[in-house]
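# Examination of the molecular architecture
Letter by letter, the chains look like this.
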Amino acid sequence: MSLKQFKMLTLILFIFSSLLTEGSENSAQELTIAKYEIMNELIRDHGFDEHYVNNIFDQVEFLPELIESISRPAEKTKSWQEYRGIFLTPKRIAAGVLFANQHKELLDRVEEELGVPKKVLLGILGVETSFGKIQGRYEVINSLYTLAVGYPPRSKFFKEELINLFYLSREQDFSISNIKGSYAGAMGAPQFIASSYRNYAIDGNSDGKIDLFNSWDDVLMSIGNYLNRNGWDPTKDIMSKTNIDISLKEKLASKTIKPKSNVGDLVAIGVPLDSKLDQTQKAQIIYLEGEQSENISVVGLHNFYVITTYNRNVMYALAVLELGESIEGIISPSYEDLF
Ligand SMILES: [Ca+2]
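Description of the structure in this document.

Analysis parameters
Residues numbered from 1 in each chain as written. Predicted model: local features only at pLDDT ≥ 70, side-chain atom pairs only at ≥ 80, totals over all residues. Helix = DSSP H or I, 4+ residues; strand = E, 2+ residues; numbered from the N terminus. Buried ≥ 20, exposed ≤ 12 C-beta atoms within 10 Å, placed from the backbone. Contact = placed C-beta atoms within 7 Å. Pairing = 2+ DSSP bridges. Axes fitted to C-alpha atoms, helices over the stretch in contact; angles between N-to-C directions. Parallel < 35°, antiparallel > 145°, perpendicular 65-115°, else oblique. Left-handed = near helix turned anticlockwise from the far one by under 90°.

With that out of the way, let us pick up unusual backbone geometry. Phi is positive for Ser130, close to 50°, though the residue is something other than glycine. On the secondary structure map, Ser130 appears in the loop between helix H9 (118–129) and strand E1 (138–139). Its 19 C-beta neighbours within 10 Å are what place Ser130 among the partly exposed residues. Look at Phe131: it is not a glycine, yet its phi comes out positive at around 60°.

Position of Asn228 relative to the elements: it lies in helix H13 (residues 216–229). Note: C-alpha distance between Asn228 and Glu113 (115 residues apart in sequence) is 9.9 Å. Not counting the four nearest positions on each side in its chain, Asn228 is found in contact with Leu114, Gly115 and Val116.

On to the environment of Ser130, then. Along the backbone, Ser130 and Phe99 are 31 residues apart, and their C-alpha atoms lie at a distance of 9.9 Å. Excluding residues that lie within four positions of it along the chain, Ser130 makes contacts with Arg92 and Ala95.

The strand order E3-E6-E5-E4 describes an open sheet built from four strands, whose pairing is antiparallel. Lying at the two open borders of the sheet, with one neighbouring strand each, are strand E3 (239–243) and strand E4 (261–262).

Contact geometry for helix H2 (residues 28–44) and helix H10 (residues 140–150): axes closest at 9 Å, N-to-C directions at 120°. One finds that H2 runs oblique with respect to H10. Between H2 and H10 the crossing geometry is right-handed. Contacts between H2 and H10 involve Leu31, Ala34, Lys35 and Ile38 from the former and Ala148, Val149 and Gly150 from the latter.

Structure, rendered in structure tokens:
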């Protein structure tokens, strides 16, 4: 189909759908229009070959169940204890210990070169895919297409990721229709979306390719690079714990991913925090859904919020840390644990 025909078809479909007074939000016409708009944009604005684009979109599938999945992510529907229970399992911790022992040198290298501690690398890899075991079963092209045309709240985001997937496939010489990932289009052991893959993934074993599906060097260096480039600072802290009364906690606690204060501010209003902490770094008392403990509060610090750039949720960052610390506690037990 030529560009002119695309435009004409889009126009006809638009007029046709406008005439329908009772179309549901995602009527077949609207989906078709959205599909042709994306194809048009790939060809017109990004210079992808028309036949290539046509062939891919001839086979693309709309998967309605993904709309359901994205509307109810675990972060939104689960309490902290339920969320934690998904990731802090003996099985996942054991898989992490095995992984850490097998990849000790590589983990040391990433920590040394990029400044991100091993426990954070292990925590992320464990929470994301249980150390590469659960990488997702959907064809990414279908996931991104479905969410771009069928999920209006984030259609712009997913359309951009779909366009990024086309670039990524060209750059890394992937067959676009064969790439698999999560329902939201996250790929490989570290679950990078297409734009992150293009912007933050790096070639850890210098073989000229960036393979987040098969190369642990590429995977771990890429996780380290992502956090490093998003502000990880080894001179700052990740989190602290504090004892404050319930009324102060209710006043200060938040699940926001943008901390409202710094350590100095919290100390000034009576929150007891370690005096060795850098007073100028960001700090926020974390509100956890359904949390029972009235006394101990988690305080997110600078690097805690860097972890939330990977997945924008405070429960995610906390699960990453708890899993990473559980694994590290077994591979390198502290003096107290030994005696
Ligand atoms: Ca590589």
